[in-house]
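# A look at the structure
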Amino acid sequence: TLNARGSTLTFNGASAGTLFTRSGTFTAGTSTIAFNNTASATLTSGTFQTTNAFNNLSIGPASGTPTLTFGAGFITVNSNFDLNPTGGSTTLIVNMSTVITVTGTTTINTADTSTPTSTLDTTASNYQLTTGTLAIKTGGTLTANGSSIIITGTDAAFTNSSGTFTYGTSTV
């Protein structure tokens, strides 16, 4: 059992392999889980939804060109999901290997600058992304392929401030 309460749990380093495996109970509380890995790796193993959902989820390496991939278990984020690389020349790619549901805002490239850059890719398997609001900022890319992108918010639910939305054959 891991009860994160209001903590920030940070996964730093340059490790390959799987960074966070849930095989028991995970209680997020009001926590933030931050993946700051600078090497390519699998982010999760296991399902993170309902009582085991994330609260805030941030992916923000400080350097490198990591490709980080979610494992096969469904992912729910009860607050915000941010792709937030912090190093000036960092190129972050996050591949979805599962359905992701975000209650709050999904922000791609929170720095809102041309460098660093970040991409959220639904992959050729066309995994669905559901989010309250979606913000693609400068230096950010959403590659939707043939996925369903569901935005549940009502007021300014989608913003694109000079980011890139590659919609392919997706449905929004």
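First, a word on scope: everything that follows refers to the structure included in this document.

### What about the sheet that holds strand 13 (residues 117-121)?
Taken in spatial order, the seven strands line up as 3-6-8-11-13-15-18 in an open sheet, and their pairing is parallel. With partners counted over all chains shown, the strands left at the sheet margins are strand 3 (18-21) and strand 18 (164-166), one partner each. Taken over all neighbouring pairs, the strand axes of this sheet differ in orientation by 15° on average, direction set aside. Alignment of strand 3 against strand 6 (residues 41-45), held across three bridges, turns out to be parallel. Bridging from a neighbouring strand, Thr-21 pairs with Ser-45 of strand 6.

### A closer look at the nonpolar core
In terms of nonpolar packing, the biggest core is built from 32 residues, with Phe-54, Ile-59, Phe-70, Phe-81 and Leu-120 touching the most fellow members. Those residues in contact with Phe-81, other than ones at most four positions away along the chain, are Leu-57, Ile-59, Phe-70, Val-102, Thr-105, Thr-106, Thr-107 and Leu-120.

The rules we used
- Residues numbered from 1 in each chain as written.
- Predicted model: local features only at pLDDT ≥ 70, side-chain atom pairs only at ≥ 80, totals over all residues.
- Heavy atoms only, no water.
- Pairing = 2+ DSSP bridges.
- Helix = DSSP H or I, 4+ residues; strand = E, 2+ residues; numbered from the N terminus.
- Axes fitted to C-alpha atoms, helices over the stretch in contact; angles between N-to-C directions.
- Core = buried A, V, L, I, M, F, W, Y, C linked by side-chain atoms within 4.5 Å.
- Buried < 20%, exposed > 50% of the residue type's maximum accessible area, 1.4 Å probe, protein only.
- Contact = heavy atoms within 4.5 Å.

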